[in-house]
Amino acid sequence: MGRMKDFKRFMSFVGKEFNHILRDTRTLMVLIVMPVVMIVLFGFALSTEIKDVKVAVYDPSRDAATSRLISQIDASEYFTVTAFLDGEDGVLEAFRSNSADIALVFEDNFYHRAVHDSDGRLQVIVDGSNTNIGSMAVFYVSSIVSSFQKELAQEAALNQAAAGSTSSSAEAVQPVQIHTSTRMMYNPQMKSAFNFVPGVMGMILMLVCAMMTSVSIVREKERGTMEVLLVSPVKPFSVILAKAIPYFVVSAFILLIVLCLSVFLIKVPISGSLMWVVLVSLLFILVSLSIGILISTLVAKQEVAILISGMVLMLPTMLLSGMLFPIESMPKVLQWISWCVPAKWYIDSIKVMMIQGLGIRYCLDAVLILCGFLTVITGLSVFKFKDRL
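All values reported here derive from a predicted model rather than from experimental measurement.

Thresholds applied
- Residues numbered from 1 in each chain as written.
- Predicted model: local features only at pLDDT ≥ 70, side-chain atom pairs only at ≥ 80, totals over all residues.
- Heavy atoms only, no water.
- Pairing = 2+ DSSP bridges.
- Helix = DSSP H or I, 4+ residues; strand = E, 2+ residues; numbered from the N terminus.
- Axes fitted to C-alpha atoms, helices over the stretch in contact; angles between N-to-C directions.
- Contact = heavy atoms within 4.5 Å.
- Salt bridge = Lys/Arg side-chain N within 4 Å of Asp/Glu carboxyl O.
- Buried < 20%, exposed > 50% of the residue type's maximum accessible area, 1.4 Å probe, protein only.
- Parallel < 35°, antiparallel > 145°, perpendicular 65-115°, else oblique.
- Nonpolar A, V, L, I, M, F, W, Y, C, P; charged D, E, K, R; others polar.
- Core = buried A, V, L, I, M, F, W, Y, C linked by side-chain atoms within 4.5 Å.
- Right-handed = clockwise from strand over helix to strand, strands pointing away.

Asker: Explain the sheet that holds strand 1 (residues 53-58) to me, and be specific about the residues and the numbers.
Answerer: Strand order in the open sheet formed by five strands is 2-1-3-4-5, with mixed pairing between adjacent strands. Single-partner strands in this sheet number two, and they are strand 2 (79-84) and strand 5 (178-185). Mean inter-strand twist for the sheet, computed between neighbouring axes without regard to direction, equals 25 degrees. As paired elements, strand 1 and strand 3 (residues 102-106) share four bridges and run parallel to each other. Looking across to strand 3, one finds that valine 57 is bridged to leucine 104. Packing against the sheet, helix 3 (residues 64-75) makes contact with strand 1, strand 2, strand 3 and strand 4 (120-127), and its axis sits at approximately 130 degrees to strand 2.

Asker: Describe the pattern of salt bridges, with residues and values.
Answerer: One pass over the structure, following the stated rule, counts four salt bridges. As a salt-bridge pair, arginine 68 and glutamate 155 come within 2.9 Å of each other at their nearest N and O atoms. A residue pair is termed long-range when its members are at least 10 positions apart, and arginine 68 in helix 3 and glutamate 155 in helix 6 (residues 131-162) qualify at 87 residues. On the basis of relative accessible area, glutamate 155 is assigned to the partly exposed category, the value being 31%. Where arginine 113 meets glutamate 107, a salt bridge forms, and the shortest distance between an N and an O atom there is 3.8 Å. We classify glutamate 107 as buried; its relative accessible area is 17%.

Asker: Report on the packing of helix 12 (residues 274-298) against helix 15 (residues 342-355), specifying residues and quantitative values.
Answerer: It is at 10 Å that the axes of helix 12 and helix 15 come closest, and there the two elements cross at 170 degrees. Regarding the angle of helix 12 to helix 15, the classification is roughly antiparallel. Every residue of helix 15 that contacts helix 12 at Trp276, Val277, Val280, Ser281, Phe284, Val287 and Ile291 is listed here: Pro342, Ala343, Tyr346, Ser349, Ile350, Met353 and Met354. Its residues placed into classes, the contact of helix 12 with helix 15 shows twelve nonpolar, two polar and no charged.

Asker: Could you give me a rundown of the nonpolar core, with the residues and numbers involved?
Answerer: In this structure, Phe95, Met201, Tyr346, Met354 and Leu370 are the most contacted members of the largest nonpolar core, which totals 72 residues. Leave out the neighbours within four places in its chain, and tyrosine 346 touches Pro198, Met201, Gly202, Leu205, Val280, Ser281, Phe284 and Leu370. Listed in part, the 31 residues of the second largest apolar core include Val53, Val55, Val57 and Val138.

Asker: Give me the lowdown on the pairing of strand 2, citing residues and values where you can.
Answerer: Note that strand 1 and strand 2 share five bridges and pair parallel. Residue valine 57 lies in a different strand from strand 2, and its bridge partner there is phenylalanine 84. Chirality of the crossover, the property in question, places the unit of strand 1, helix 3 and strand 2 among those that are right-handed.

Asker: Residues and numbers for the pairing of strand 4, please.
Answerer: Burial within strand 4 is extensive, with six of its eight residues counted as buried. By the bridge criterion, five bridges tie strand 3 to strand 4 in an arrangement that is antiparallel. By the bridge assignment, leucine 104 is partnered in strand 4 with valine 124. As paired elements, strand 4 and strand 5 share eight bridges and run parallel to each other. In the sheet register, arginine 121 faces strand 5, and the bridge partner there is histidine 179.

Here it is in structure tokens:
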């Protein structure tokens, strides 16, 4: 009888804990949804393959051989020919306008030189600011060119046999040869730091800033000081701004530390304007702070706020921003979702200005999108803050 009472008492405690879990629906949803999100993101986004790499072509000879090779490259799942250039000078502009990731530059009279002189030359110019795409793209292009060279050699042998060439003259025929050379723009040494530093900057600023502000309003709720805000004549936007300013100053100091470490310790130069790099970074800090404040208006516990700002923001920032894996290799659905990740646009902007050394006009669309994020998220934060009060 006593054991039955102890069992019932034990089960009552178990039931009480279940009730606590079921009442806290937000925490429960995070615990259930997080594994699903992780397996989907890692399953589809975790890929070292590249797809739909944008290719610009300069082909002065425009003969049958170059047309076939270009068609084979375009037909590959790895490449998409996006532009035909009028001169070699167009390569740099194609990289600047983000219309190409690599460029193929054929020499004049390519077919004759490859088949008859054994000296066909093809230059592969790569945007080295993205080492993930650059190294793999060169490997895939070289494989396609090698296969095409064998095709030309077989065709040359068949044409010679059909023409009734003698064995002695066959030995004198030059072998088909295509020489492929590679040139890396912006990152000649192919240092991985040039690709990872902008991504790490985006992840650090997003996580640190969001975590700091996500607990600000929640802490007011838990300490019971929210009543002071209730009777205060200060408007919701002013309250949010007052909370954000100290964290903005701290975040700006963190930005200074990150930039100094990147330049002086990791040796990643700021090739473009330092002023624009700092201004765009400060804009991204404001976006991150506003996300943290929005989270703090939606939850009631600091632990949940930290969990959401830490885990929920970290995964998209790492996997869907282009920091670790090329977005072009992901399924279309994940590519569309990546457009909603602010870190993607920040990392794209920093690569353009810091690594490629280009001006703000080449990443103006990304900067405007960050401004849109800031406006929308701040508006939602003010609305939810007022609503919760």
